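Next come the chains, spelled out residue by residue.
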Amino acid sequence: MTAPAASARRLVFLGPPGAGKGTQAAIVAAELGVPHLSTGDMLRAAVREGTELGKAADAHMRAGGLVPDALVLEILGERLRKPDAATGFVLDGFPRNLAQAKELARRSPLDAVLWFELPRPVLVERLTGRRVCPTCGTVYNVTSRPPRVEGRCDREGAALDQRPDDRPDAVGVRLRVYAEQTAPLLEHYRSAGLLRPLDAAGSPGDVTERLRRLLAAPPARRASQGL
Ligand code: AMP
């Protein structure tokens with residue numbers, strides 16, 4: 001088991017919803033000793049706390065659409081300015097469109113963009129089947145990781161929740177938004193020499209192992225990041 005190379009510390013995890021970016025970002029960030037910055041988590045926390053920003057973001061999130069750039073940049077910008085993000089981070093769920101990518105380039109250089117690839121039917125099953133314990137946060141899947149008692153957390157016994165944006169109609173919107181707004185970033189980062197495609201199929205452990213190998217490999221080409 002090789003740890004990721006110390007040089008690749010400013011990372012973006014890019015890919016469709018349901019590809020496992022969040023799970024892997026938490027692992028890789030801990031291994032590198034850098035913060036895991038998930039704009040989805042930040043926005044969900046703002047919604048829970050009932051802040052003005054959270055109230056403005058809520059309806060967009062429930063429908064599966066993108067939260068306006070200004071709000072996302074406000075919440076992420078604040079986080080990126082904290083000292084622990086000065087030398088590295090794993091960005092998960094950001095950028096999601098070209099305007100956000102340009103904003104990010106203005107604020108920080110990047111070492112690599114990991115592109116999580118997974119076929120659409122697998123994404124749909126992962127997203128619509130996901131259930132979360134409201135008490136301890138354990139994530140289940142009705143098909144691939146069911147709880148022992150249907151609808152109940154193994155640890156807490158609490159009734160499991162489904163994220164509003166994991167309902168089938170919102171999942172359809174999220175995948176369409178990804179194809180239309182986020183997927184064009186692949187070409188953008190490919191031409192900047194930053195893109196590293198990752199096969200995101202299989203168990204989380206297998207994907208982590210592939211990720212470690214990718215991060216340990218030298219970059220294919222150091223190009224200008226003129227984004
Ligand atoms: P995620 O947990 O990354 O799937 O994000 C959940 C939801 O939060 C998305 O469907 C969007 O509504 C919103 N969101 C998260 N990150 C962004 C972003 N970078 N730009 C716009 N909306 C975002």
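Residues numbered from 1 in each chain as written. Predicted model: local features only at pLDDT ≥ 70, side-chain atom pairs only at ≥ 80, totals over all residues. Heavy atoms only, no water.

Novice: Which residues make up the nonpolar core, and what are the values?
Specialist: In this structure, L43, L91, L104, L110, V113 and Y189 are the most contacted members of the largest nonpolar core, which totals 32 residues. Among the elements of the structure, β1 (10–14), α2 (39–49), α3 (52–63), α4 (69–80), β3 (89–92), α5 (98–107), β4 (112–117) and α8 (184–191) are those that each provide at least two residues to this core. Excluding its chain neighbours within four sequence positions, the residues that come into contact with L43 are L53, A57, M61, V67, V72 and I75. Membership of the second largest hydrophobic core comes to 22 residues, among which are F13, A112, L114 and F116. (Core = buried A, V, L, I, M, F, W, Y, C linked by side-chain atoms within 4.5 Å. Buried < 20%, exposed > 50% of the residue type's maximum accessible area, 1.4 Å probe, protein only. Helix = DSSP H or I, 4+ residues; strand = E, 2+ residues; numbered from the N terminus. Contact = heavy atoms within 4.5 Å.)

Novice: Outline the environment of E52, listing residues and values.
Specialist: Mapped onto the elements of the fold, E52 is located in helix α3. Residues E52 and F116 lie 64 residues apart in sequence; the distance between their C-alpha atoms is 33 Å.

Novice: Can you tell me about the pairing of β4, naming the residues and giving the values?
Specialist: Within β4, 5 of the 6 residues are buried, which leaves the element mostly enclosed by the surrounding structure. The sheet contact formed by β4 and strand β7 (residues 195–199) spans 5 bridges and is parallel. Among the inter-strand pairings, L114 is bridged to a residue of β7, identified as R196. (Pairing = 2+ DSSP bridges.)

Novice: Explain the packing of helix α6 (residues 120–128) against helix α7 (residues 168–182) to me, and be specific about the residues and the numbers.
Specialist: Viewed as axis vectors pointing N to C, α6 and α7 meet at an angle of 140 degrees, and their least axial separation amounts to 10 Å. By the angle between their directions, the pair α6 and α7 is classed as oblique. In this structure, α6 meets α7 at a crossing whose hand is right-handed. Packed against α6, whose contacting residues are R120, L123, V124, L127 and T128, the element α7 presents P168, V171, R174 and L175 at the interface. Taken together, the residues of the contact of α6 with α7 break down into 6 nonpolar, 1 polar and 2 charged. (Axes fitted to C-alpha atoms, helices over the stretch in contact; angles between N-to-C directions. Parallel < 35°, antiparallel > 145°, perpendicular 65-115°, else oblique. Left-handed = near helix turned anticlockwise from the far one by under 90°. Nonpolar A, V, L, I, M, F, W, Y, C, P; charged D, E, K, R; others polar.)

Novice: An account of the site of the ligand is needed here, citing residue identities and associated values.
Specialist: Lining the immediate environment of the ligand, one finds 16 residues, of which T39, G65, G93, R96 and Q100 sit closest. Between the ligand and the protein, one listed contact pairs a nitrogen atom with a side-chain N or O atom of R96 at 3.0 Å. Out of a free accessible area of 480 Å², the ligand has 94% covered by protein chains. Tallying contributions element by element places α2 first for the shell around the ligand, with 4 residues. Among the residues making up the shell around the ligand, the classes are represented as 6 nonpolar, 5 polar and 5 charged. (Near = heavy atom within 4 Å. Polar contact = N/O pair within 3.5 Å; in protein donor to acceptor, adjacent residues only side chain to side chain. Areas by Shrake-Rupley, 256 points an atom, 1.4 Å probe, with all protein chains shown as cover.)

Novice: Any chance you could break down unusual backbone geometry for me, citing the residues and the numbers?
Specialist: With the exception of glycine, most residues fall at negative phi, and the peptide bonds are largely trans. In this model, F94 is joined to P95 through a cis peptide bond whose omega is 0 degrees. Along the chain, P95 turns up in the loop between β3 and α5.

Novice: Please give an account of α2 that cites residues and values.
Specialist: Two residues of an α-helix separated by three or four positions point the same way, owing to the 3.6 residues in each turn. Residues T39, G40, M42, L43, A45 and A46 constitute the buried set of α2. The secondary structure elements touched by the buried residues of α2 are β2 (36–38), α3, α4 and β3. Of the residues flanking the end of α2, it is G50, one or two places downstream, whose phi is positive at about 70 degrees.

Novice: Tell me what's going on with the sheet that holds β3, and back it up with residues and numbers.
Specialist: One open sheet accounts for 5 strands, arranged β2-β3-β1-β4-β7; its pairing is parallel. Unpaired on one side and paired on the other, β2 and β7 mark the two borders of the sheet. This sheet shows a mean twist of 25 degrees between the axes of neighbouring strands, independent of strand direction. Lying over the sheet, helix α1 (residues 21–32) contacts β1, β2, β3 and β4, oriented at roughly 165 degrees with respect to β1.

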